[in-house]
Amino acid sequence: MHHQPIPTPVRSRGGILAVSALLAVTIVAPLTGCSAGGSTRAAAVDAASDFAAAIADDRGADACALLVPDARQAVTDQTHRDCADGVLDLHLPSTVRTTSTEVHGRAAIVHGDGDALFLARSGSSWLVRAAGCTPVTDAPFDCVLDGS
Amino acid sequence: MSGVHTAAIRRAIRQNALGLFFGTVFLAALIGQSFAGWSVFNDTQTAEGLDPIGWLEYVTSSSFTADVAENWQSEYLQFLLYIWATVWFVQRGSPESKEADQTGLESDADQEVGPHAGPRSPRWAAVGGLRRAVFSHSLLLVMGGVFVASWAAQSAAGVVAHDEQQLLDLEAPVTWVQYVGSADFWNRTLQNWQSEFLAVGSMAVLSVFLRERGSPESKPVGAAHDDTGAAG
(Lines give C-alpha, C1' and ligand atoms only; values in the text may rest on other atoms or scores of the structure.)
Protein backbone atom coordinates (compact mmCIF):
# COMPACT_ATOMS: atom_id res chain seq x y z
CA MET A 1 0.00 0.00 0.00
CA HIS A 2 1.41 3.42 -0.93
CA HIS A 3 0.59 6.37 1.31
CA GLN A 4 1.75 9.91 0.68
CA PRO A 5 4.50 10.48 3.26
CA ILE A 6 3.22 12.56 6.17
CA PRO A 7 5.69 15.36 7.05
CA THR A 8 7.14 14.72 10.51
CA PRO A 9 10.44 15.71 12.10
CA VAL A 10 13.24 13.31 11.14
CA ARG A 11 14.12 11.18 14.17
CA SER A 12 17.74 11.39 15.30
CA ARG A 13 20.00 8.39 14.91
CA GLY A 14 20.94 8.91 18.55
CA GLY A 15 17.33 8.37 19.53
CA ILE A 16 17.12 5.16 17.53
CA LEU A 17 20.35 3.90 19.08
CA ALA A 18 19.06 4.73 22.57
CA VAL A 19 15.87 2.75 22.01
CA SER A 20 17.85 -0.20 20.60
CA ALA A 21 20.17 -0.13 23.61
CA LEU A 22 17.19 -0.03 25.97
CA LEU A 23 15.67 -3.04 24.21
CA ALA A 24 18.98 -4.91 24.45
CA VAL A 25 19.33 -4.13 28.16
CA THR A 26 15.74 -5.13 28.84
CA ILE A 27 16.34 -8.47 27.18
CA VAL A 28 19.83 -9.19 28.49
CA ALA A 29 19.74 -7.77 32.02
CA PRO A 30 17.32 -10.32 33.52
CA LEU A 31 19.55 -13.09 32.21
CA THR A 32 22.07 -12.13 34.89
CA GLY A 33 19.60 -13.53 37.39
CA CYS A 34 18.95 -16.66 35.38
CA SER A 35 21.76 -19.09 36.03
CA ALA A 36 23.77 -19.07 39.22
CA GLY A 37 25.73 -16.00 40.15
CA GLY A 38 28.87 -16.70 42.16
CA SER A 39 27.34 -16.17 45.60
CA THR A 40 24.31 -18.37 44.78
CA ARG A 41 26.48 -21.26 43.60
CA ALA A 42 28.75 -20.91 46.63
CA ALA A 43 25.74 -21.07 48.95
CA ALA A 44 24.50 -24.26 47.25
CA VAL A 45 27.97 -25.80 47.54
CA ASP A 46 28.12 -24.85 51.24
CA ALA A 47 24.71 -26.40 51.95
CA ALA A 48 25.73 -29.67 50.23
CA SER A 49 29.06 -29.77 52.08
CA ASP A 50 27.40 -29.02 55.43
CA PHE A 51 24.85 -31.80 54.87
CA ALA A 52 27.53 -34.35 53.94
CA ALA A 53 29.66 -33.31 56.94
CA ALA A 54 26.68 -33.66 59.30
CA ILE A 55 26.07 -37.21 57.98
CA ALA A 56 29.78 -38.07 58.30
CA ASP A 57 29.87 -36.76 61.90
CA ASP A 58 26.58 -38.47 62.92
CA ARG A 59 24.94 -35.08 63.58
CA GLY A 60 21.42 -36.12 62.60
CA ALA A 61 19.70 -32.97 63.86
CA ASP A 62 22.04 -30.74 61.85
CA ALA A 63 21.45 -32.86 58.76
CA CYS A 64 17.67 -32.65 59.20
CA ALA A 65 17.83 -28.88 59.55
CA LEU A 66 19.22 -28.83 56.00
CA LEU A 67 16.37 -30.90 54.53
CA VAL A 68 13.21 -29.48 52.91
CA PRO A 69 10.07 -30.29 54.94
CA ASP A 70 8.99 -33.03 52.50
CA ALA A 71 12.40 -34.72 52.83
CA ARG A 72 12.16 -34.64 56.64
CA GLN A 73 8.74 -36.26 56.32
CA ALA A 74 10.17 -38.87 53.94
CA VAL A 75 12.84 -39.78 56.50
CA THR A 76 10.18 -40.28 59.17
CA ASP A 77 7.97 -42.31 56.82
CA GLN A 78 10.83 -44.56 55.69
CA THR A 79 12.53 -45.22 59.03
CA HIS A 80 9.58 -44.85 61.44
CA ARG A 81 11.83 -42.78 63.66
CA ASP A 82 12.22 -39.07 64.17
CA CYS A 83 14.26 -37.29 61.54
CA ALA A 84 17.44 -36.75 63.59
CA ASP A 85 17.79 -40.50 64.22
CA GLY A 86 16.21 -41.77 61.03
CA VAL A 87 18.43 -39.76 58.66
CA LEU A 88 21.51 -41.52 60.06
CA ASP A 89 19.85 -44.93 59.55
CA LEU A 90 19.63 -44.27 55.81
CA HIS A 91 23.45 -44.42 55.50
CA LEU A 92 23.48 -41.55 53.06
CA PRO A 93 26.72 -40.70 51.26
CA SER A 94 28.97 -38.43 53.31
CA THR A 95 31.19 -37.07 50.57
CA VAL A 96 30.44 -34.63 47.79
CA ARG A 97 32.58 -33.34 44.93
CA THR A 98 31.68 -29.68 45.15
CA THR A 99 33.55 -28.93 41.94
CA SER A 100 30.82 -30.86 40.13
CA THR A 101 28.01 -28.58 41.32
CA GLU A 102 25.45 -27.41 38.74
CA VAL A 103 23.00 -24.66 39.63
CA HIS A 104 20.04 -23.79 37.39
CA GLY A 105 17.75 -21.08 38.70
CA ARG A 106 16.54 -22.15 42.13
CA ALA A 107 17.64 -25.80 41.88
CA ALA A 108 21.04 -27.49 42.09
CA ILE A 109 22.69 -30.90 41.78
CA VAL A 110 25.95 -31.85 43.52
CA HIS A 111 27.68 -35.07 42.52
CA GLY A 112 29.45 -37.38 44.94
CA ASP A 113 31.18 -40.71 44.29
CA GLY A 114 28.69 -42.40 41.98
CA ASP A 115 25.68 -40.62 43.45
CA ALA A 116 24.20 -37.14 43.64
CA LEU A 117 22.48 -34.68 45.96
CA PHE A 118 19.58 -32.50 44.77
CA LEU A 119 19.04 -29.11 46.41
CA ALA A 120 16.44 -26.36 46.06
CA ARG A 121 16.41 -22.76 47.19
CA SER A 122 13.77 -21.99 49.77
CA GLY A 123 13.72 -18.27 50.52
CA SER A 124 17.40 -17.40 50.70
CA SER A 125 18.59 -20.82 51.94
CA TRP A 126 19.62 -23.90 50.01
CA LEU A 127 18.04 -27.11 51.34
CA VAL A 128 18.47 -30.76 50.36
CA ARG A 129 15.48 -32.32 48.53
CA ALA A 130 16.97 -35.71 47.71
CA ALA A 131 20.12 -37.61 48.61
CA GLY A 132 21.88 -40.83 47.67
CA CYS A 133 20.61 -40.49 44.10
CA THR A 134 21.85 -42.69 41.26
CA PRO A 135 21.07 -41.99 37.62
CA VAL A 136 18.51 -44.11 35.74
CA THR A 137 18.37 -44.08 31.94
CA ASP A 138 15.41 -42.04 30.60
CA ALA A 139 13.92 -41.69 34.08
CA PRO A 140 14.33 -39.62 37.26
CA PHE A 141 17.26 -40.45 39.56
CA ASP A 142 16.65 -43.26 42.01
CA CYS A 143 17.19 -41.75 45.47
CA VAL A 144 17.64 -43.31 48.90
CA LEU A 145 16.03 -40.17 50.37
CA ASP A 146 13.42 -38.60 48.09
CA GLY A 147 11.71 -35.45 49.33
CA SER A 148 10.32 -34.34 45.93
CA MET B 1 3.47 26.30 32.70
CA SER B 2 2.79 28.67 29.78
CA GLY B 3 -0.11 28.17 27.42
CA VAL B 4 2.32 27.75 24.51
CA HIS B 5 4.17 24.98 26.40
CA THR B 6 0.92 23.17 27.26
CA ALA B 7 -0.25 23.44 23.66
CA ALA B 8 3.07 22.00 22.46
CA ILE B 9 2.76 19.04 24.84
CA ARG B 10 -0.82 18.41 23.76
CA ARG B 11 0.24 18.52 20.10
CA ALA B 12 3.10 16.09 20.76
CA ILE B 13 0.74 13.68 22.49
CA ARG B 14 -1.80 13.92 19.66
CA GLN B 15 0.84 13.35 16.99
CA ASN B 16 2.28 10.33 18.80
CA ALA B 17 -0.96 8.92 20.19
CA LEU B 18 -0.67 5.55 18.39
CA GLY B 19 2.81 4.84 19.77
CA LEU B 20 1.86 6.13 23.22
CA PHE B 21 -1.31 4.02 23.30
CA PHE B 22 0.46 0.77 22.44
CA GLY B 23 3.41 1.61 24.69
CA THR B 24 0.99 2.06 27.58
CA VAL B 25 -1.02 -1.12 27.01
CA PHE B 26 2.23 -3.04 26.46
CA LEU B 27 3.55 -1.91 29.85
CA ALA B 28 0.21 -2.65 31.52
CA ALA B 29 0.12 -6.15 30.02
CA LEU B 30 3.76 -6.85 30.91
CA ILE B 31 3.19 -5.75 34.51
CA GLY B 32 0.01 -7.83 34.63
CA GLN B 33 1.89 -10.83 33.24
CA SER B 34 4.58 -10.40 35.89
CA PHE B 35 2.01 -10.59 38.71
CA ALA B 36 0.11 -13.51 37.21
CA GLY B 37 3.32 -15.43 36.52
CA TRP B 38 4.65 -14.64 40.01
CA SER B 39 1.49 -16.11 41.51
CA VAL B 40 1.76 -19.29 39.42
CA PHE B 41 5.46 -19.64 40.27
CA ASN B 42 4.80 -19.32 44.00
CA ASP B 43 1.95 -21.82 43.81
CA THR B 44 4.46 -24.30 42.37
CA GLN B 45 7.01 -23.41 45.06
CA THR B 46 4.44 -24.02 47.80
CA ALA B 47 3.40 -27.32 46.21
CA GLU B 48 7.07 -28.38 46.26
CA GLY B 49 7.29 -27.51 49.96
CA LEU B 50 9.49 -24.47 49.30
CA ASP B 51 9.17 -20.86 50.46
CA PRO B 52 7.63 -18.39 47.97
CA ILE B 53 9.81 -15.72 46.34
CA GLY B 54 9.41 -11.95 46.04
CA TRP B 55 8.16 -10.14 42.91
CA LEU B 56 11.55 -8.62 42.13
CA GLU B 57 13.23 -12.00 42.31
CA TYR B 58 10.58 -13.45 39.99
CA VAL B 59 10.90 -10.75 37.31
CA THR B 60 14.68 -11.30 37.19
CA SER B 61 14.28 -15.08 37.00
CA SER B 62 14.87 -17.32 34.02
CA SER B 63 11.24 -18.38 34.14
CA PHE B 64 9.89 -14.85 33.56
CA THR B 65 12.57 -13.97 31.03
CA ALA B 66 11.86 -17.07 28.95
CA ASP B 67 8.12 -16.38 29.01
CA VAL B 68 8.63 -12.77 27.83
CA ALA B 69 11.33 -13.54 25.26
CA GLU B 70 9.43 -16.40 23.58
CA ASN B 71 6.57 -14.01 22.86
CA TRP B 72 8.79 -11.14 21.72
CA GLN B 73 10.79 -13.27 19.28
CA SER B 74 7.66 -14.50 17.53
CA GLU B 75 6.19 -10.99 17.22
CA TYR B 76 9.36 -9.63 15.67
CA LEU B 77 9.65 -12.67 13.38
CA GLN B 78 6.07 -12.01 12.31
CA PHE B 79 6.90 -8.44 11.31
CA LEU B 80 10.24 -9.40 9.83
CA LEU B 81 8.58 -11.94 7.52
CA TYR B 82 5.62 -9.67 6.77
CA ILE B 83 7.79 -6.70 5.82
CA TRP B 84 9.95 -8.94 3.63
CA ALA B 85 7.07 -10.91 2.08
CA THR B 86 5.10 -7.78 1.12
CA VAL B 87 8.07 -6.66 -1.01
CA TRP B 88 7.81 -9.73 -3.22
CA PHE B 89 4.32 -11.24 -2.86
CA VAL B 90 0.93 -9.69 -3.54
CA GLN B 91 -2.57 -10.38 -2.29
CA ARG B 92 -5.12 -9.17 -4.81
CA GLY B 93 -7.64 -6.87 -3.21
CA SER B 94 -5.79 -6.43 0.08
CA PRO B 95 -4.88 -2.97 1.42
CA GLU B 96 -1.85 -4.72 2.93
CA SER B 97 -0.51 -5.50 -0.54
CA LYS B 98 1.12 -3.67 -3.43
CA GLU B 99 -0.27 -3.85 -6.94
CA ALA B 100 0.79 -6.94 -8.87
CA ASP B 101 3.03 -4.97 -11.25
CA GLN B 102 4.98 -3.37 -8.37
CA THR B 103 6.58 -6.43 -6.79
CA GLY B 104 10.25 -6.13 -5.85
CA LEU B 105 12.39 -3.24 -4.66
CA GLU B 106 10.85 -0.71 -7.09
CA SER B 107 12.60 2.13 -8.89
CA ASP B 108 14.74 4.79 -7.24
CA ALA B 109 12.24 7.38 -8.40
CA ASP B 110 9.33 5.61 -6.68
CA GLN B 111 11.46 5.17 -3.56
CA GLU B 112 12.70 8.79 -3.57
CA VAL B 113 16.36 7.90 -3.13
CA GLY B 114 19.58 9.33 -4.48
CA PRO B 115 18.90 12.08 -7.02
CA HIS B 116 15.15 11.55 -6.56
CA ALA B 117 15.32 12.40 -2.84
CA GLY B 118 13.42 15.52 -1.80
CA PRO B 119 14.48 18.35 0.55
CA ARG B 120 12.74 16.64 3.49
CA SER B 121 14.07 13.14 2.73
CA PRO B 122 16.23 11.50 5.43
CA ARG B 123 19.88 12.22 4.72
CA TRP B 124 20.84 8.57 4.22
CA ALA B 125 18.16 8.24 1.51
CA ALA B 126 19.86 10.96 -0.51
CA VAL B 127 23.47 9.70 -0.19
CA GLY B 128 24.80 6.66 -2.01
CA GLY B 129 26.74 3.56 -1.15
CA LEU B 130 26.55 1.59 2.10
CA ARG B 131 24.63 4.24 4.03
CA ARG B 132 21.74 4.24 1.55
CA ALA B 133 21.76 0.43 1.42
CA VAL B 134 21.65 0.15 5.22
CA PHE B 135 18.91 2.78 5.56
CA SER B 136 16.93 1.18 2.72
CA HIS B 137 16.76 -2.06 4.73
CA SER B 138 16.92 -0.56 8.24
CA LEU B 139 13.43 -1.74 9.17
CA LEU B 140 14.20 -5.38 8.33
CA LEU B 141 17.61 -5.13 9.97
CA VAL B 142 16.23 -3.84 13.27
CA MET B 143 13.24 -6.21 13.30
CA GLY B 144 15.58 -9.07 12.43
CA GLY B 145 18.06 -8.01 15.09
CA VAL B 146 15.42 -7.85 17.80
CA PHE B 147 14.04 -11.23 16.64
CA VAL B 148 17.48 -12.87 16.82
CA ALA B 149 18.27 -11.25 20.19
CA SER B 150 14.97 -12.24 21.76
CA TRP B 151 15.11 -15.78 20.34
CA ALA B 152 18.62 -16.08 21.78
CA ALA B 153 17.30 -14.75 25.10
CA GLN B 154 14.48 -17.32 24.96
CA SER B 155 16.99 -20.12 24.45
CA ALA B 156 19.38 -18.89 27.15
CA ALA B 157 16.69 -18.30 29.76
CA GLY B 158 14.72 -21.30 28.58
CA VAL B 159 17.51 -23.80 29.17
CA VAL B 160 17.93 -22.51 32.74
CA ALA B 161 14.17 -22.66 33.43
CA HIS B 162 13.98 -26.12 31.80
CA ASP B 163 16.95 -27.41 33.80
CA GLU B 164 15.55 -25.92 37.00
CA GLN B 165 12.40 -27.98 36.45
CA GLN B 166 14.48 -31.04 35.50
CA LEU B 167 16.31 -30.84 38.84
CA LEU B 168 13.07 -30.35 40.75
CA ASP B 169 11.86 -33.54 39.04
CA LEU B 170 15.13 -35.30 40.05
CA GLU B 171 16.19 -35.58 36.39
CA ALA B 172 19.51 -34.71 34.77
CA PRO B 173 19.90 -31.18 33.36
CA VAL B 174 20.68 -30.64 29.65
CA THR B 175 23.18 -28.40 27.88
CA TRP B 176 22.15 -25.38 25.76
CA VAL B 177 22.93 -27.35 22.60
CA GLN B 178 20.70 -30.19 23.73
CA TYR B 179 17.99 -27.73 24.75
CA VAL B 180 17.75 -25.91 21.38
CA GLY B 181 17.18 -29.31 19.79
CA SER B 182 14.65 -30.34 22.44
CA ALA B 183 10.91 -30.73 22.21
CA ASP B 184 10.39 -28.17 24.99
CA PHE B 185 12.21 -25.43 23.06
CA TRP B 186 10.49 -26.15 19.74
CA ASN B 187 7.09 -26.60 21.35
CA ARG B 188 7.36 -23.13 22.88
CA THR B 189 8.77 -21.64 19.68
CA LEU B 190 6.32 -23.18 17.22
CA GLN B 191 3.21 -22.55 19.29
CA ASN B 192 4.10 -18.86 19.14
CA TRP B 193 4.99 -18.91 15.44
CA GLN B 194 1.77 -20.55 14.28
CA SER B 195 -0.39 -17.88 15.89
CA GLU B 196 1.70 -15.02 14.51
CA PHE B 197 1.62 -16.33 10.95
CA LEU B 198 -2.11 -16.97 11.20
CA ALA B 199 -2.67 -13.40 12.41
CA VAL B 200 -0.85 -11.65 9.55
CA GLY B 201 -2.23 -14.04 6.98
CA SER B 202 -5.75 -13.39 8.27
CA MET B 203 -5.17 -9.65 8.18
CA ALA B 204 -3.96 -9.76 4.58
CA VAL B 205 -6.92 -11.85 3.42
CA LEU B 206 -9.79 -10.60 5.60
CA SER B 207 -9.04 -6.99 4.67
CA VAL B 208 -9.87 -7.88 1.06
CA PHE B 209 -13.51 -8.40 1.94
CA LEU B 210 -14.05 -6.60 5.26
CA ARG B 211 -13.79 -2.91 6.18
CA GLU B 212 -13.19 -0.68 9.20
CA ARG B 213 -14.19 2.87 8.39
CA GLY B 214 -11.43 5.36 9.18
CA SER B 215 -8.59 2.88 9.70
CA PRO B 216 -5.57 3.13 7.40
CA GLU B 217 -5.36 -0.65 7.80
CA SER B 218 -8.63 -0.99 5.86
CA LYS B 219 -9.76 -0.03 2.38
CA PRO B 220 -12.38 2.71 2.17
CA VAL B 221 -15.76 1.22 2.99
CA GLY B 222 -16.95 1.71 -0.58
CA ALA B 223 -13.78 0.40 -2.26
CA ALA B 224 -14.14 -2.63 -4.53
CA HIS B 225 -13.04 -6.04 -3.24
CA ASP B 226 -10.43 -6.34 -6.01
CA ASP B 227 -9.06 -2.86 -5.34
CA THR B 228 -5.48 -3.61 -4.18
CA GLY B 229 -3.37 -1.32 -1.99
CA ALA B 230 -6.06 1.28 -1.22
CA ALA B 231 -6.02 2.74 2.31
CA GLY B 232 -9.16 3.79 4.21
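Within any chain, residue numbers begin from 1 and follow the written order of that chain's sequence. Chains carry letters and ligands carry numbers; both start at the beginning, A for chains and 1 for ligands, and go up in the order they are written. Confidence filtering applies because this is a predicted model: local features only for residues at pLDDT of at least 70, side-chain atom pairs given and counted only at 80 or more, and all residues used for totals across whole chains, interfaces and linings.

Details of the overall build of chain B
Numbering of helices and strands runs from the N terminus, with a helix taken as a DSSP run of H or I at least four residues long and a strand as a DSSP run of E at least two residues long. Counting its secondary structure elements, chain B contains 10 helices and 0 strands. Reading the secondary structure of chain B in the N-to-C direction produces α-α-α-α-α-α-α-α-α-α. Expressed as lengths along the three principal axes of its C-alpha atoms, the size of chain B is roughly 65 × 55 × 45 Å. Taken across its 232 residues, chain B has 24% of its residues classed as buried. In chain B, the share of contacts with a sequence separation of at least 24, taken over all contacts with a separation of at least 6, comes to 52%. Exposure in this text rests on C-beta crowding, where 20 or more other C-beta atoms within 10 Å of a residue's own make it buried, 12 or fewer make it exposed, and counts in between make it partly exposed. The C-beta atoms are placed from the backbone. By the convention adopted here, residues make contact when the C-beta atoms placed from their backbones lie within 7 Å.

Let's talk about the nonpolar core
Soluble globular proteins tend to pack their nonpolar side chains together in the buried interior. All names here are of chain A. For this analysis, nonpolar core means a set of buried Ala, Val, Leu, Ile, Met, Phe, Trp, Tyr and Cys residues linked through C-beta atoms within 7 Å. With 43 residues, the main nonpolar core has Ala48, Phe51, Leu117, Leu119 and Val128 as its most contacted residues. Sort the elements by how many residues they give to this core and helix 2 (residues 38-56) lands first, with 8 residues. Apart from residues no more than four positions distant in its own chain, leucine 119 is found in contact with Ala44, Ala47, Ala48, Ala108, Val110, Trp126, Leu127, Val128 and Arg129.

Here's the deal with the domain arrangement of chain B
Residues and elements named next belong to chain B. Start and end positions for the domains come from either an automated domain assignment or a database one. Here the domain parsing of chain B yields domain 1 (1-60) and domain 2 (62-232). Between domain 1 and domain 2, the C-alpha centre-to-centre distance is 24 Å. Each partner contributes residues to the interface: domain 1 has 6 residues there, and domain 2 has 4 residues. With 3 residues, the top contributor of residues to the side of domain 1 that touches domain 2 is helix 2 (residues 17-47). Each residue gets one label: Ala, Val, Leu, Ile, Met, Phe, Trp, Tyr, Cys and Pro are nonpolar, Asp, Glu, Lys and Arg are charged, and the others, such as Gly, are polar. Along the lines of polarity and charge, the residues of the side of domain 1 that touches domain 2 split into 3 nonpolar, 2 polar and 1 charged.

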